[in-house]
Structure formats: structure tokens, C-alpha cells
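# Topology and contacts: notes
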Amino acid sequence: MKGRITGLSGPTVTVSIKGLKLYERVSVGEAGLAGEVVRLEKDKAVIQVYEDTRGLGIGEMVSGTGKAFHARLGPGLLLALFDGLQRPLKRLEEKTGPFVTKGSDISGLDHTIRWRFFPSKKNGEAVTSGDIIGYVMENNFNHYIAFHDEREGRISWIRHDDFCLDDPVAKLEDGREIFGYHEWPVRIPMPYRKKFSPTEPLVTGQRCIDFLFPFGKGGTAIMPGGFGTGKTILEQSIAKYAEADIVVYVGCGERGNEIAEMIEEFHLLDDAWTDRKLMDRTLLVVNTSNMPVSAREASIYTAVTMAEYYRNMGYHVLFLADSISRWAEALREISSSLEEMPGEEGYPTYLSSRLSGFLERAGVVETMNGKIGSLSMIISVSPAGGDFTEPVTQSCMRTSGAFLMLDTALAHRRQFPAVNWLHSYSLYEKDITAYYRDTIAPAWDDLKKRCKEILQREETLREVVEVVGVEGLQDEDRLVMIAAERIRMEFLCQNAYTEDAFSLPEQTLSKISAILKFFDTAAAGIREGKPLDEIRAEKTGITTGENV
Ligand SMILES: Nc1ncnc2c1ncn2[C@@H]1O[C@H](COP(=O)(O)OP(=O)(O)OP(=O)(O)O)[C@@H](O)[C@H]1O
Ligand SMILES: [Mg+2]
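Residues numbered from 1 in each chain as written. Chains lettered and ligands numbered in written order. Predicted model: local features only at pLDDT ≥ 70, side-chain atom pairs only at ≥ 80, totals over all residues. Heavy atoms only, no water.

## Quick word on a nonpolar patch on the surface
Residues Val-464, Val-467 and Val-468 make up a contiguous nonpolar surface patch of roughly 270 Å² in combined accessible area. Here Val-468 is to be found in helix 11 (residues 444–468). What makes Val-468 partly exposed here is its relative accessible area of 44%. (Patch = residues over 30% accessible without salt bridge, like charges linked within 9 Å, V, L, I, M, F, W, Y side chains within 5 Å. Areas by Shrake-Rupley, 256 points an atom, 1.4 Å probe, with all protein chains shown as cover. Salt bridge = Lys/Arg side-chain N within 4 Å of Asp/Glu carboxyl O. Helix = DSSP H or I, 4+ residues; strand = E, 2+ residues; numbered from the N terminus. Buried < 20%, exposed > 50% of the residue type's maximum accessible area, 1.4 Å probe, protein only.)

Listed below in C-alpha cells is the structure:
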């Protein structure tokens, strides 16, 4: 299908062409820029170009590929760093130099790598779509290779040796060949049999999350926060320490140097949960602020498709994106260049449905081959001016299970992670706390309630302190203030640059137990009539009531 450009406006191109399909991938102009059909009219199509359109002219050719914008899925994904169009940046650089030339089309997978194939089917065995036929070892992971064809078949030959992606791994009796990779349209969720609600925790290593607002495998959490509230650091800490098999991290419109530093650091660090290197389990998709805005819109779909691919192998995959607001801005830009009717704050009216459709790709699933896998999402949001009533935060809130509000005032006081404990919530709290209670300590739930209660009482007492000063408080109340301060500074604070950046649930528990034990002992002393300062001197070696 070919046609000529009749109109150009920024990244949007109008072509006189018939027969294209919505969301079909097209090649635009002599340079062969990557584009996607975003609107169809009687005899013209509107195309969103994902690369810089400068230099493109009226009359240049546009050709359809016949396929929707897709990701190529197979062994080698964990070895590469991708841009939003799934182009592997390192191989792209080898091909085109440090400045990516326009129209560079390169497969997401390296077809020259040789993999050892371990078959799990035999000759004569029947296969249906989703069946695993074998695996290869990718960064010490079993990378399962499945059969992806709606038509069933019977194996006539299966490989027992090395192959590269251009070689088949098996053949069917009817002559069809099975390869080690396949393609999937990124805007469509990959199939699964059943979806369940999260019931098992996804340990993040962050005490404020694991203890106060626990997160479950298969859940979704959003982290809105104003400028400099620690979104990137928290996302990266979670990427480092979370108890996930595979982490897919999308740098979406944020600073390129932050990602570069992250890659450097991840290559050196070990995975806290296994004996692998951290980079072995990390899949990075970057579309930083210096890359074309339009590809940013596609980047989260490319990334989530790769995440679903590993989920379908039965892995627990964690998807992190920093920040979804930059994605929404790209959507807004595209929508306005299409002259669509703007909704709230100029965002398209379908912002909310797009966001919820995206977040709903998370979940615990039974895969087509009967394995259990999960896809969890933790997504940062950068509301302009820290205003949480803006449309992106509000739309995300409606669909996500946990809301971790990053607080500018806490960040100013350098209390990091700056998660506000009064306004944040997790809908997984009940189930996940029950899990911790049953597996780590029966007292987990009780300790959490007491911790929250002390923090709440502190909040109420603050108003009193403003009037009468700390000295005007009863010893009992002063003790609450002291305990709350300890909870905030010793327990909820975690400096990302020290060893304390990661805390196992057992360590989290013993830390909060120690603080609450101090509180109980001191409270008992006060009830017996001892002055608080004396008790503190006895118990902690602190002589006077400093801090408060
Ligand atoms: N857990 C932490 N431990 C120590 N310092 C932290 C932590 N989190 C954030 N910081 C400090 O706060 C600064 C800002 O954090 P970060 O860059 O993550 O904010 P951000 O919300 O991503 O900002 P932006 O809105 O500009 O993207 C960091 O450079 C660091 O000094
Ligand atoms: Mg940031």
C-alpha cells in the first residue's frame, strides 16, 4: 500500500492513500521514518511519525507494512537497552554512530547470537497456541519458547543443539516451522487464561511501603510527587531491591543522564535476592527528554508488551515508569496536532480510558500454558506545581490500587522517601498484611496499627504544640512526639545512598518492634509516676528531652 504526503504538521503527516488499517506501522518518506496510522478518512490517512520530521517534503512516498506497530519477542531482550520503538540502542550506535540517523530500522533482537536450545517436546507430540516447546538460558534465566499459532499442529522435528534466531527450533508435520521469536502488536494485551487479584506481597525493600502501604505482586501503584520529591530515586531504589524476577524500567521523558548513571550502577551491583548481577534481570526502555516526543507515547506500550512476554513465562515481572506525566504530555501533543477536541487541561478526552486500559494490563495471571505469572506496576506521576487534582494524577488514582503520595514538605525536610503517611493508601493492605502476619510475625498487623496511631496522634498534637510549646505537653503526649519522631527518622527514612536503602521484612519488623518497645516501656514508667526525662536517660542514655 503506497501513497504520497499531502500535508505536514510537526510529527503529523497526511497521506492520500487507501487501504491502510488503524495503528498500522508505516514507513514515511525517502528516509523511511517509522510511523503509525492514527486516523483514517475516506481516501486519506493521518500518520503519527515517531522520528524527527524535519526535511520531510510534500509528495514523498509513504508505504504501509501491513502490520500493526509490534514488538519482537524472543531471547536476547534482557541483553539490550531499547528506545521507545524497541530499537536496541547499542547495536543502533554501532550501525549509525552516536547520533541515531532517521529511519534506522533495526530488529529488537540480535539474530546473530547463538543460543543452546533445550527441547521440552518430542517428535509426534501435539502443540497448541501457548504451549512451551523448549527453552534457552538467558542471563541465567530459563527463557521459555512457546508456540504461537492459532492452528494446532504435531511436531515432526525438534532441535537439540545451538541455533540463531533465523533458524527454526522445530517443524510441524504439516511443514510449518517454529522459530524462537515472535511478534506482538504492542497496543493489545498479550493473552492469558485467567486473572486474579494480588494476594502475595511484592517486597520493595522500602519500609514505608512494605510496612505501611504494602504492595502485592500483580498490583498497581502510583507515586505522584512535585519537583524534586524523590520520584526517580524511589523508582530506581525499587528497581534495585524489589523482589521481582524481571524488572522492566521505562525512562519516559526524564533526564538522560539519570538513566546513564543508573545503567552504570546496575552493571556493578548484585541482585539482593539471587546471585545474579542486577543488570541480568533488568530490561530498560528509554525515551528520555532529548529523544523524539512522539515515540515516548509508544514507549510504555513497547515496554509493557515485553513485560507481559516474561510474565507469560511464569515470572514475576515488575514494571516501573518514570514518569507517566511525560507520556501524557506526548499524548496531548499528538492529540493537538490532530486537532482533536481537547478535554481537561488540554489533554485529549480519552486520556483517562487510555491510562486505565494501560494500568489494567497489570495482574496475576494463569498463563496459556498453566503457569502463574504476575505483572506489577509502580508508576511515578509529576503533577505540575504538585497539584494532585490535575487530570493525570486523578485518572491514575481511579485505576491504581496503591497511592503513594510524595510530599514536598517532607522532601524539603530531607525526609526520604517522602511518602506522606497520612494521605497515602494501599487497597492491598488487608490481604498483604495478612500474608506478612502469617509468614513473618503474628504481631505484624498489630504493630502497624500502633505505628499509624502514633503518627496520627503526633499530627493532632502538633496543633497543641504550636499553642503551648512542647514544654506545655503532658509527659504522655511528649512521649508520643518522641516516638513519632523516631518512627519518622529511624524507621520511615531510608537513605538511598547507604546500606539502609534496602530492608528485608524481618529487618523492618525488628526495627519497628524496637521503637514500639521503647514506647511501651516509657509509657509504663510514666504510669508509675516517673518523669519522662529520667526514663529516657535510663533507657537510651539520652539525658534531656532534646528533639522535642
Ligand atoms: N531516598 C533518598 N535518599 C537520599 N536522598 C534522596 C532520596 N530520595 C531523594 N533524595 C534526594 O532528592 C533529590 C531529588 O530526587 P529525585 O531526582 O528522585 O526527585 P524527582 O522527584 O525525580 O525530581 P524531578 O521532579 O526533577 O524528576 C536527589 O538528588 C537526592 O538528593
Ligand atoms: Mg525525576
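## What about the domain arrangement of the protein chain?
Each domain of the protein chain was delimited in the assignment, giving domain 1 (2–69), domain 2 (115–184), domain 3 (193–426) and domain 4 (444–540). Computed over C-alpha atoms, the centres of domain 1 and domain 3 are 31 Å apart. Facing the eleven residues of domain 1 at the interface are eleven residues of domain 3. Across the domain 1 to domain 3 interface the summed buried area is about 840 Å²; carbon plus sulfur atoms make up 55%. The largest share of the area that domain 1 buries against domain 3 comes from Arg-39, Gln-48 and Tyr-50, three residues that together contribute 51% of it. Summed over the shared surface of domain 1 and domain 3, the number is zero salt bridges. Where domain 1 touches domain 3, the interface holds three residue pairs in polar contact (both at pLDDT 80 or more). Listed by contribution, the elements that provide at least two residues to the side of domain 1 that touches domain 3 are strand 4 (33–40) and strand 5 (44–49). Among the elements that take part in the side of domain 1 that touches domain 3, strand 5 stands out by supplying three residues, more than any other. (Domains from an automatic or database assignment. Contact = heavy atoms within 4.5 Å. Buried area = accessible area lost by both parts, 1.4 Å probe. Polar contact = N/O pair within 3.5 Å; in protein donor to acceptor, adjacent residues only side chain to side chain.)

## Observations concerning the packing of aromatic side chains
Two descriptors summarise a pair of aromatic rings, namely the distance from one centre to the other and the angle between the planes of the rings. Under the definition given, this model contains 16 aromatic pairs. Relative to Phe-163, the ring of Phe-117 lies with its centre 5.9 Å away and its plane at 90°, an arrangement referred to as edge-to-face. Remark: Phe-163 occurs in strand 15 (residues 162–163) and Phe-117 occurs in the loop between strand 9 (115–116) and strand 10 (118–119); sequence separation between them is 46 residues. A relative accessible area of 0% means that Phe-117 is categorised as buried. Here the aromatic cluster, defined as three or more aromatic residues joined through ring pairs, consists of Phe-211, Tyr-436, Trp-444 and Phe-491. Its end group placed over the ring of Phe-141, Arg-276 keeps NZ or CZ at 3.8 Å from the ring centre. The ring of Phe-518 is capped by Arg-486, whose NZ or CZ atom sits 4.9 Å from the centre of that ring. (Phe/Tyr/Trp six-rings, centres within 6.5 Å; stacked < 30°, edge-to-face > 60°. Lys NZ or Arg CZ within 6 Å of the ring centre and 35° of its normal.)

## A word on the site of ligand 1
Taken together, 17 residues form the shell around ligand 1, and within it Lys-231, Thr-232, Ile-233, Arg-255 and Ala-496 come nearest. Interatomic distance of 3.2 Å between a side-chain N/O atom of Arg-414 and an oxygen atom of ligand 1. Within the complex, the protein chains bury 81% of what would otherwise be the 630 Å² of accessible surface of ligand 1. Class assignment for the residues of the shell around ligand 1 results in five nonpolar, seven polar and five charged. Mapped onto the domain boundaries, the shell around ligand 1 takes at least three residues apiece from domain 3 (193–426) and domain 4 (444–540). (Near = heavy atom within 4 Å. Nonpolar A, V, L, I, M, F, W, Y, C, P; charged D, E, K, R; others polar.)

## Quick word on the pattern of salt bridges
In total, this model carries 39 salt bridges according to the counting rule given. A salt bridge links Asp-52 to Arg-54, with the shortest nitrogen-to-oxygen separation between them at 2.7 Å. Given the relative accessible area of 30%, Asp-52 is considered partly exposed. Residue Lys-217 is joined to Glu-243 by a salt bridge in which the shortest nitrogen-to-oxygen separation is 3.6 Å. Pair noted here: Lys-217 is in the loop between helix 2 (207–212) and strand 20 (220–224) and Glu-243 is in the loop between helix 3 (231–241) and strand 21 (246–252), with a separation of 26 residues, a long-range link. Classification of Glu-243 by relative accessible area gives partly exposed; the value is 26%. In this structure, a network of salt bridges that share partners links the residues Glu-458, Glu-459, Arg-462, Glu-485 and Arg-488.

## Examining the sheet that holds strand 5
The strands making up a sheet associate through backbone hydrogen bonding, with each pair oriented either parallel or antiparallel. Spatial ordering of the closed barrel is given by 1-2-5-4-3-6, a layout of six strands whose pairing is antiparallel. Recorded for the sheet is a direction-independent mean angle of 45° between the axes of neighbouring strands. Strand direction decides the pairing type here: strand 1 (residues 2–9) and strand 6 (residues 61–68), joined by three bridges, are antiparallel. The partner of Lys-2 across the bridge, within strand 6, is Ser-63. (Pairing = 2+ DSSP bridges. Axes fitted to C-alpha atoms, helices over the stretch in contact; angles between N-to-C directions.)

## A closer look at the packing of helix 12 (residues 475–492) against helix 13 (residues 505–527)
At a closest axis distance of 10 Å, the pairing of helix 12 and helix 13 adopts a crossing angle of 170°. One element, helix 12, and the other, helix 13, form an angle in the roughly antiparallel class. Crossing handedness for the pair helix 12 and helix 13: right-handed. Of helix 13, the residues touching helix 12 (which contributes Asp-475, Glu-476, Leu-479, Val-480, Ile-482, Ala-483, Arg-486, Ile-487, Glu-490 and Phe-491) are Thr-508, Lys-511, Ile-512, Ile-515, Phe-518, Phe-519, Ala-522, Ala-523 and Ile-526. Residues of the contact of helix 12 with helix 13, tallied by class, amount to 13 nonpolar, one polar and five charged. (Parallel < 35°, antiparallel > 145°, perpendicular 65-115°, else oblique. Left-handed = near helix turned anticlockwise from the far one by under 90°.)

## Points about the side chain of Lys-231
Among the secondary structure elements, Lys-231 is positioned in helix 3. A polar atom in the side chain of Lys-231 sits 2.8 Å from the backbone oxygen of Gly-226. When sequence neighbours within four positions are dropped, the list of residues in contact with Lys-231 reads Met-223, Gly-225, Gly-226, Asp-322, Ser-380, Val-381, Ser-382 and Leu-406.

## A look at helix 10 (residues 429–439)
Glu-429, Ile-432, Thr-433, Ala-434 and Tyr-436 are the residues of helix 10 that are buried. As for helix 10, its buried residues are in contact with helix 2, strand 27 (425–426), helix 11 and helix 13.

## Describing unusual backbone geometry
Peptide bonds are mostly trans, and most non-glycine residues show a negative phi. For the bond from Asp-322 to Ser-323, the omega torsion is 5°, close enough to zero to count as cis. If you trace the backbone, Ser-323 turns up in the loop between strand 23 (316–322) and helix 6 (324–337). The step from Phe-416 to Pro-417 runs through a cis peptide bond, and the omega angle for that step is -10°. We note that Gln-86 has phi near 60°; this positive angle belongs to a residue other than glycine. If you trace the backbone, Gln-86 turns up in the loop between strand 8 (81–83) and helix 1 (89–96). With a phi close to 60°, Arg-414 is a non-glycine residue in the positive phi region. Within the element layout of this structure, Arg-414 appears in the loop between helix 9 (408–412) and strand 27. Arg-414 sits in the exposed class, given a relative accessible area of 62%.

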